[in-house]
Amino acid sequence: MNELINENNLLKKVATAYNIKGNVIRDRRVEVFANKELVSSILLYAKLQLGYVHLAHITCIDWIEEGDFELVYTIWSPVERIHLFVKTRINRVNPEMENIDGIWDQANTYEREMREMFGIQFPGLIGEHEFILEDWDQIPPMLKEFDTHKYASETFFTRPGREDAQDVRETLSKRSGTDVPDFAKKYSRET
Amino acid sequence: MIREKETTLYLGPQHPGITGNMMVKLKVQGDTIVKAATHVGYLHRAFEKLIERRNWIQAFTLLCRFCVPEPDPMELTYARAVEELDNREVPERAQYIRVIVMELARMQSFMLWYAGQAGSAGLYTLGQWSVGDRNYLLDLFEDLTGGRIYHMYIWPGGVRRDIPEGWKDKVLRTMDYIEKRLFDYNQIMFDNTIFQKRAQGVGIIPKDKAIEWGVVGPPLRGTGIKSDVRIDEPYEVYDKLNFEVPTFEGGDIWARALVRKEEIKQSISIIRQAIDQMPEGEYYNKVPNPMKWTVPAGQAWAKTESVRGEVGFYVVSNGTNKPYRVHVKGAAYTHGVTVLEKILPGQNIADVSFIMNSLGVCPPEIER
């Protein structure tokens, strides 16, 4: 497609340089998939050689059924105005990823958060251990197996007088002595 | 020469000058900051985790709470990411309404900024004026959405309801009023020697480091770099409207204030144009029963320009009726940590809250 020339050129450059696969998702969106050992090199190449100087985002997705974490590095070129997503997968068991705060200072914040929330280690990461969570003794809370409802039930207590107010529809119905109104049933989880 | 002893000072989380519940741990020598470290965690409510237990629409009740002074960009950015996953078109009328909502949100947030920025320099009168006038903008939101602060009005596929009768005229009257008031605001803020001396040359972000540190929005434009998501990656109908992206050189608080001073005028202009050009027609491409609505599996990244800078949402669906992962990145995530820690050394203790206000640090956005 004519209007996606820049996106295809970008994909070709990165894919050829590192012998990896990727896609043009749509205009201004290109993704590449790489082994974790290649990620920092690709990011450095994109920053220094291709002008992708803005680190827009780093995220982690917990694919529990596949036993992987997916890390997505989103970088942006102010000149080409394209996002490049560098995606990699790491094993959920003893997860470890290369620290890139030498490439972008601000990556330090994302990495500290991922260390706490997903338990991913970044060797050489500088920064106080506790970023958001203080004295946390449970499993990392953003893991899919962490049950927020169970944690809340065990940690907090119901405000006095609100013990019966766990299901609003049923409570209102019980208190007023009437059936759950039709409009509420329509949006019920049971239907 | 007497060598001053180094002392540790904890500024916040409860401090009248700080921009929310966060703490800045300072190492100081006399009044001068030697080292700064941001400490957050006082507002962590696990929103991103809780969203994974809710359906696509229920997420909105949490999203708008990511940043209290500016909830609408969160709604819009999330809605746009979901629309991309669901391949859902948005009617043109809804796009115009969204632009008006976003610019009104920008203006009401600017009003709070005036209060915070001037207040942290000891100029309290302006804050009382601007917060008072902000209520006229909140009245518009109340008429449109039913809520003054949290709106939950922008949904995937458009907006929840059409604009009420007479609302356009009320918006235009309010714009006329605010425009006149800006003259007074600027006179007591920008013509004031106290503000000038406090703001000029303080809290400097070097131009060559700005992008490296993740600076976005008015602080980036205050270093002379022209960057705005509305221009760089136009969304809704911003590409059909004429507006300027003001930039100033210097990188200090003064430059950032000048950027905002000009931006509020642009917002008024955008709102007038959008009201003038808004077509008749549908305002909502309705989603099915929200309790059962499933979004196709995939990943989407959407970003918009909030008053503090770029807001991005990375949204992942596994094809069910709940988001698999929602990850937000607001301007405060970099401004409140990396940037603040870099620019505070060498500054005076009294300037910490002044600098934080100029960066638009919103603590709940950092820890969510």
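First things first, this report covers the structure right here in the doc. Computed from a prediction, not measured in an experiment: that's the story for all the values here.

Here we take up the pattern of salt bridges. Residue and element names in this part refer to chain B. Enumeration according to the criterion identifies 44 salt bridges over all chains in this entry. Its salt-bridge partner being Arg-106, residue Glu-263 comes within 3.8 Å of it at the nearest N-O pair. Residue Glu-263 is located in helix 11 (residues 253-277), and its partner Arg-106 is located in helix 4 (residues 92-119); the two are separated by 157 residues in the primary sequence. On the accessibility criterion, Glu-263 (2% relative accessible area) is buried. Arg-106 sits in the buried class, given a relative accessible area of 3%. Here the salt bridges share partners, and the residues they tie into one network are Glu-103, Arg-106, Arg-221, Asp-228, Arg-230, Glu-263 and Glu-305.

On to the state of the cysteines, then. Residue and element names in this part refer to chain B. Under the counting rule described, the total for this entry stands at 1 disulfide over all chains. The side chain of Cys-67 participates in a disulfide bridge whose partner is Cys-362; the two sulfur atoms lie 2.3 Å from each other. Here the S-S torsion is close to 115°, and the disulfide linking Cys-67 with Cys-362 is therefore right-handed. Here the residue Cys-67 occupies a position in the loop between helix 2 (60-63) and helix 3 (72-86), and Cys-362 occupies one in the loop between helix 13 (352-359) and helix 14 (363-367), the gap between them amounting to 295 residues. The pair Cys-67 / Cys-362 is uniform in exposure class, with both members buried.

As a further point, take the nonpolar core. Counting residues in hydrophobic clusters, the biggest one holds 157 residues, and the most contacted among them are A:Leu84, B:Tyr78, B:Phe195 and B:Phe313. For this core, the leading source of residues is helix 4 of chain B, giving 14 residues. Sequence-distant contacts of B:Phe195, that is, excluding residues within four places in its chain, are made with B:Gln117, B:Ala121, B:Leu123, B:Met189, B:Phe190, B:Trp254, B:Ala257 and B:Phe354.

With that out of the way, let us pick up the sheet that holds strand 7 (residues 309-317) of chain B. All names here are of chain B. Reading across from one edge, 6-7-8 is the order of the 3 strands in this open sheet, with antiparallel pairing throughout. Each edge of the sheet is formed by a strand with only one pairing partner; in this case those strands are strand 6 (298-306) and strand 8 (325-329). On average, adjacent strands in this sheet sit at an angle of 15° to one another, irrespective of strand direction. Of the pairings in the sheet, the one linking strand 6 to strand 7 comprises 9 bridges and is antiparallel in character. Of the residues in strand 7, the one forming a bridge with Trp-301 is Tyr-314. Helix 3 contacts strand 6, strand 7 and strand 8 of the sheet and is inclined by roughly 150° relative to strand 6.

What follows covers the packing of helix 5 (residues 124-145) of chain B against helix 6 (residues 167-189) of chain B. All names here are of chain B. Two elements in contact, helix 5 and helix 6, have axes whose closest approach is 11 Å; the angle formed by their N-to-C orientations is 170°. Here helix 5 lies roughly antiparallel to helix 6, going by the angle between them. The segment helix 5 lies against helix 6, with Thr-125, Leu-126, Trp-129, Ser-130, Asp-133, Tyr-136, Leu-137, Asp-139, Leu-140, Asp-143 and Leu-144 engaging Trp-167, Lys-170, Val-171, Thr-174, Met-175, Tyr-177, Ile-178, Arg-181, Asp-184, Tyr-185, Ile-188 and Met-189. Of the residues that constitute the contact of helix 5 with helix 6, the class distribution is 14 nonpolar, 3 polar and 6 charged.

What follows concerns the environment of B:Leu140. Residue and element names in this part refer to chain B. Tracing the chain through its elements places Leu-140 in helix 5. The spatial distance from the C-alpha of Leu-140 to the C-alpha of Glu-367 is 30 Å, given a sequence separation of 227 residues. Setting aside residues no more than four positions away along its own chain, Leu-140 makes contact with Leu-104, Trp-167, Lys-170, Val-171 and Thr-174.

We now examine the packing of aromatic side chains. Overall, the coordinates contain 24 aromatic pairs over all chains when judged by the stated rule. Here B:Trp113 and B:Tyr114 contribute two aromatic rings whose centre-to-centre distance is 5.1 Å and whose plane-to-plane angle is 50°, an arrangement assigned as tilted. Residue B:Trp113 shares its accessibility class with B:Tyr114, and that shared class is buried. Within the aromatic cluster, the residues linked to one another by ring pairs are B:Phe47, B:Phe60, B:Phe66, B:Tyr78, B:Trp155, B:Tyr284 and B:Phe313. When the ring centre of B:Tyr150 is taken as reference, the NZ or CZ atom of B:Arg65 above it lies at 4.3 Å. A cation over a ring is seen here: B:Lys303 above A:Trp76, with NZ or CZ 3.5 Å from the ring centre.

With that out of the way, let us pick up unusual backbone geometry. For A:Asp135, which is not glycine, the phi dihedral falls at a positive 50°. Inspection of the secondary structure assignment puts A:Asp135 in the loop between helix 3 (107-117) and helix 4 (148-155). The backbone of B:Met152 shows a phi angle near 50°, a positive value even though the residue is not glycine. Looking at the element boundaries, B:Met152 is found in the loop between helix 5 and strand 4 (154-155).

Turning our eyes to something else, we now look at empty space enclosed by the protein. Under the definition given, this model contains 3 cavities of 30 Å³ or more. Roughly 110 Å³ of internal volume is contained in the largest cavity. Elements supplying a minimum of two residues to the lining of the largest cavity: helix 3 of chain A together with helix 1 (47-51) and strand 8 of chain B. Sorting elements by how many residues they give to the lining of the largest cavity places helix 3 of chain A first, with 4 residues. Split into classes, the residues belonging to the lining of the largest cavity amount to 8 nonpolar, 2 polar and 6 charged. Its volume calculated, the second largest cavity comes out at about 60 Å³. Around the second largest cavity, the lining residues are A:Ile25, A:Arg29, A:Phe85, A:Lys87, B:Glu84, B:Gln299, B:Ala300, B:Trp301 and B:Tyr314. If one sorts the elements of the lining of the second largest cavity by residue count, strand 6 of chain B sits on top with 3 residues. Class assignment of the residues belonging to the lining of the second largest cavity gives a composition of 5 nonpolar, 1 polar and 3 charged.

Each side of the interface is counted separately: chain A has 49 residues, and chain B has 45 residues. Taken together, both faces of the contact between chain A and chain B bury some 4,000 Å²; the carbon and sulfur share is 51%. For the interface between chain A and chain B, the tally reads 8 salt bridges. Here A:Arg29 makes a salt bridge to B:Glu233, at a shortest N to O gap of 2.6 Å.

Reading guide: rules and limits
Residues numbered from 1 in each chain as written. Chains lettered and ligands numbered in written order. Predicted model: local features only at pLDDT ≥ 70, side-chain atom pairs only at ≥ 80, totals over all residues. Heavy atoms only, no water. Salt bridge = Lys/Arg side-chain N within 4 Å of Asp/Glu carboxyl O. Helix = DSSP H or I, 4+ residues; strand = E, 2+ residues; numbered from the N terminus. Buried < 20%, exposed > 50% of the residue type's maximum accessible area, 1.4 Å probe, protein only. Disulfide = S-S within 2.5 Å. Core = buried A, V, L, I, M, F, W, Y, C linked by side-chain atoms within 4.5 Å. Contact = heavy atoms within 4.5 Å. Pairing = 2+ DSSP bridges. Axes fitted to C-alpha atoms, helices over the stretch in contact; angles between N-to-C directions. Parallel < 35°, antiparallel > 145°, perpendicular 65-115°, else oblique. Nonpolar A, V, L, I, M, F, W, Y, C, P; charged D, E, K, R; others polar. Phe/Tyr/Trp six-rings, centres within 6.5 Å; stacked < 30°, edge-to-face > 60°. Lys NZ or Arg CZ within 6 Å of the ring centre and 35° of its normal. 1 Å grid on protein atoms, 1.4 Å probe; cavity = no way out; pocket = protein on both sides within 12 Å on 5 of 7 lines; lining within 4 Å. Points joined across faces, edges and corners; volume = space filled by probe spheres on them. Buried area = accessible area lost by both parts, 1.4 Å probe.

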